[in-house]
Amino acid sequence: MPPTFSNTRLKSARLAAGYHSQQALADVLGVGVRQVRRWEAAAPPWPHPDMQQALTRVLGQDLDALGFTPPAGMDPVRRRLVGATVAAVGLAAVPSQAAAAMQPASVAADFAAVTRSHRRLYWSVAPATLHPAAVAHATLGCALLPETAGQTRITVAESLAETWLLAGRIEFFDLREPDRAAQTWLRALQAAGEADDALMGAAILAHTAFIPAWVGRRDDADERMVAARTYARRGPAGAELLAWLDAVEAECETRCGNTRTALNLIAHGEDVLAAGSEHESPAWLDWFSSVRLSAFKGNTQLKAGHLPQARATLQQVLKQLPASEDKQRSVILGDLAAVEAAAGQPDAASAYACQALDQLGATWYATGMDRVREVRRALAPYQHQQCVRDLDERLYGWSTTVSALAR
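Residues numbered from 1 in each chain as written. Predicted model: local features only at pLDDT ≥ 70, side-chain atom pairs only at ≥ 80, totals over all residues. Heavy atoms only, no water.

A. Just the overall build of the protein, in detail. A count of helical and extended segments in the protein gives 20 helices and zero strands. The buried share among the 407 residues of the protein stands at 49%. Relative to all contacts within the protein whose residues are 6 or more apart in sequence, the contacts with residues 24 or more apart total 64%. For the protein, the accessible area works out to roughly 18800 Å², and carbon and sulfur atoms hold 53% of it. (Helix = DSSP H or I, 4+ residues; strand = E, 2+ residues; numbered from the N terminus. Buried < 20%, exposed > 50% of the residue type's maximum accessible area, 1.4 Å probe, protein only. Contact = heavy atoms within 4.5 Å. Areas by Shrake-Rupley, 256 points an atom, 1.4 Å probe, with all protein chains shown as cover.)

Below, the structure written as structure tokens:
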């Protein structure tokens, strides 16, 4: 017999946040599904303090809005404090500006300065080290937002959206936690909405397309890309942002096995970059360039089986890649290793893979390590050759193995 839901407020908030089952919400909160059933039943029990904050953070609404009634006799002052505490955690529960003590206008520049620093630190600081700092900065932004107004509020919201976007990028690309990244990017989209920043919204939505594409759900990825392009049309999108959207969609198509479509999208992106635009790229778009587009192209050519073209493209990318882009260099070396493995050249493949490991030893990147592991699987027919055994010694050395497990 299907359960009867009496706390319709909590159920509606759960569905609106994207948790289509009680089990899904239970998993993200770290509780049993029975607890969620109790909360969605008649007269739900008042959550424990840690669950109060978790529910508000995940669902973006305060406890009253979620259908909870405080226990009889709770001190009214304590009830207001609880409500204020949990409201600061989620954007959707931001109290009215009139009820909050207002921050000075200088808070916007100060908060944005830290966001810019995190943006630059991403390319060199270990993800497990940077991620807690980014999340803490985002939590501060959530607390500051209801205490700001006008342009100050817009600037804080813009920086908050970028911070959540960065945290989600670390979760998805570095920590390999797509479910967590999905929730983080939802918060980023809320913050972008507070700022009415359409271009940031486009960037966030395009990032969310990676999640279904990585598991072959092309229709879901395509829907998110349509949304991303819609947002891009609302703002003054420059050539780089539009070409990056082509590159993201090409990556999604490649993941879903549609390499011909992907190559057409990349060609369109090349044309967009060549034509240029009167609009400047946002400062936060530091993960894309014409060289990065060529990197996308080389990977797609590899997946399409166009090995000579992929080799030439990736070798050129390796020459043009700026010295600061250590993470991307490990990916390019991994792709070159994959080209040689597919061409039946185990010595060259092993050499490129070892170079990728050298780079990963200096700057860890989970995506780069994934490329090396894919190459090693492709080299299984040659595993008794000395070059592959040498690669195994590097791949499963003490430091590499411990780093892979620790990060």
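After that view, the rundown keeps rolling.
B. Molecular detail of the nonpolar core. Core analysis: the largest hydrophobic core is formed by 95 residues, its most contacted members being Tyr122, Leu160, Trp244, Trp287, Phe288 and Val372. Among the elements that line this core, the one with the most residues is helix H10 (residues 198-213), at 11 residues. In this structure, Ala26, Leu29, Val33 and Ala54 belong to the second largest nonpolar core, which totals 18 residues. (Core = buried A, V, L, I, M, F, W, Y, C linked by side-chain atoms within 4.5 Å.)

C. Examining the side chain of Gln22 more closely. Here Gln22 is to be found in helix H2 (residues 22-29). What makes Gln22 buried here is its relative accessible area of 10%. A polar contact is formed between the side chain of Gln22 and the side chain of Glu40, at a distance of 3.0 Å. (Polar contact = N/O pair within 3.5 Å; in protein donor to acceptor, adjacent residues only side chain to side chain.)

D. Just the environment of Ala295, in detail. Positionally, Ala295 belongs in helix H14 (residues 290-304). Residue classification places Ala295 among the buried residues on the basis of a relative accessible area of 6%. In this structure Ala295 touches Leu314, Val317, Gln328 and Ile332, once residues within four positions along its chain are discounted.

E. Examining the packing of aromatic side chains more closely. Overall, the coordinates contain 10 aromatic pairs when judged by the stated rule. With a centroid separation of 6.2 Å and an interplanar angle of 85°, the aromatic rings of Trp39 and Phe68 are classed as edge-to-face. Here Phe68 lies in the loop between helix H4 (49-59) and helix H5 (76-87) and Trp39 lies in helix H3 (residues 33-39), a separation of 29 residues in the sequence. Here Phe68 falls in the buried class, since its relative accessible area comes to 3%. One aromatic cluster is present, formed by Phe172, Phe173, Trp185, Phe210 and Trp214 through successive ring pairs. When the ring centre of Trp214 is taken as reference, the NZ or CZ atom of Arg255 above it lies at 3.8 Å. Here the basic side chain of Lys327 rests over the ring of Tyr122, its NZ or CZ set 3.5 Å away from the ring centre. (Phe/Tyr/Trp six-rings, centres within 6.5 Å; stacked < 30°, edge-to-face > 60°. Lys NZ or Arg CZ within 6 Å of the ring centre and 35° of its normal.)

F. Looking closely at the side chain of Ser159. If you trace the backbone, Ser159 turns up in helix H8 (residues 150-174). The class for Ser159 is buried, based on a relative accessible area of 7%. When residues no more than four places from it in sequence are discounted, the contact partners of Ser159 are Phe111, Ala112 and Thr115.

G. Highlighting the packing of helix H13 (residues 259-275) against H14. In contact at an axis separation of 10 Å, H13 and H14 are set at 160° when each is read in the N-to-C sense. Here H13 is positioned roughly antiparallel relative to H14, judged by the angle of their axes. The interaxial crossing formed by H13 with H14 has left-handed handedness. Contacts between H13 and H14 involve Thr259, Ala262, Leu263, Ile266, Gly269, Glu270 and Leu273 from the former and Ser290, Leu293, Phe296, Lys297, Thr300, Gln301, Lys303 and Ala304 from the latter. A class-by-class count of the residues in the contact of H13 with H14 yields seven nonpolar, five polar and three charged. (Axes fitted to C-alpha atoms, helices over the stretch in contact; angles between N-to-C directions. Parallel < 35°, antiparallel > 145°, perpendicular 65-115°, else oblique. Left-handed = near helix turned anticlockwise from the far one by under 90°. Nonpolar A, V, L, I, M, F, W, Y, C, P; charged D, E, K, R; others polar.)

H. Inspection of the environment of Leu307 at higher detail. Looking at where Leu307 falls in the secondary structure, it is placed in helix H15 (residues 307-320). Judged by its relative accessible area of 16%, Leu307 falls in the buried class. When the C-alpha atoms of Leu307 and Leu336 are compared, they prove to be 9.7 Å apart, with 29 residues separating the residues in sequence. Beyond its immediate stretch of four places on either side in the chain, Leu307 contacts Leu302, Val339, Ala342 and Ala343.

I. Just the packing of H8 against helix H9 (residues 178-195), in detail. Contact geometry of H8 with H9 gives a least axis separation of 8 Å together with a crossing angle of 165°. By the angle class used here, H8 and H9 are roughly antiparallel. The hand of the H8/H9 crossing is left-handed. Grouping the amino acids of the contact of H8 with H9 by side-chain chemistry returns 15 nonpolar, two polar and seven charged.

J. Here's a closer look at the pattern of salt bridges. Counted under the stated rule, the structure contains 19 salt bridges. The partner of Lys297 in a salt bridge is Glu270, and the shortest N-O contact between them spans 3.2 Å. In this pair, Lys297 is assigned in helix H14 and Glu270 in helix H13, connecting sequence segments 27 residues apart. Judged by relative accessible area, which is 24%, Lys297 ranks as partly exposed. Taken together, the shared-partner salt bridges in this structure form one network comprising Glu171, Glu177 and Arg180. (Salt bridge = Lys/Arg side-chain N within 4 Å of Asp/Glu carboxyl O.)

K. Summary view of the environment of Trp46. Positionally, Trp46 belongs in the loop between H3 and H4. For Trp46 and Phe68, which are 22 residues apart along the polypeptide, the C-alpha to C-alpha distance reads 6.3 Å.

L. Main features of H10. Its 16 residues give H10 an end-to-end C-alpha distance of 23 Å, which sits within 8% of 22 Å, the value for a rise of 1.5 Å per residue. Among the 16 residues that make up H10, 16 are buried, leaving the element largely enclosed by the rest of the structure. Measuring from the side-chain oxygen of the N-cap residue of H10 to the backbone nitrogen of Leu199 gives 3.4 Å; that N-cap residue is Asp197. (Expected span 1.5 Å × (residues − 1).)

M. Representation of unusual backbone geometry. Even without a glycine there, the phi angle at Ala43 is positive, about 50°. Mapped onto the elements, Ala43 comes out in the loop between H3 and H4.

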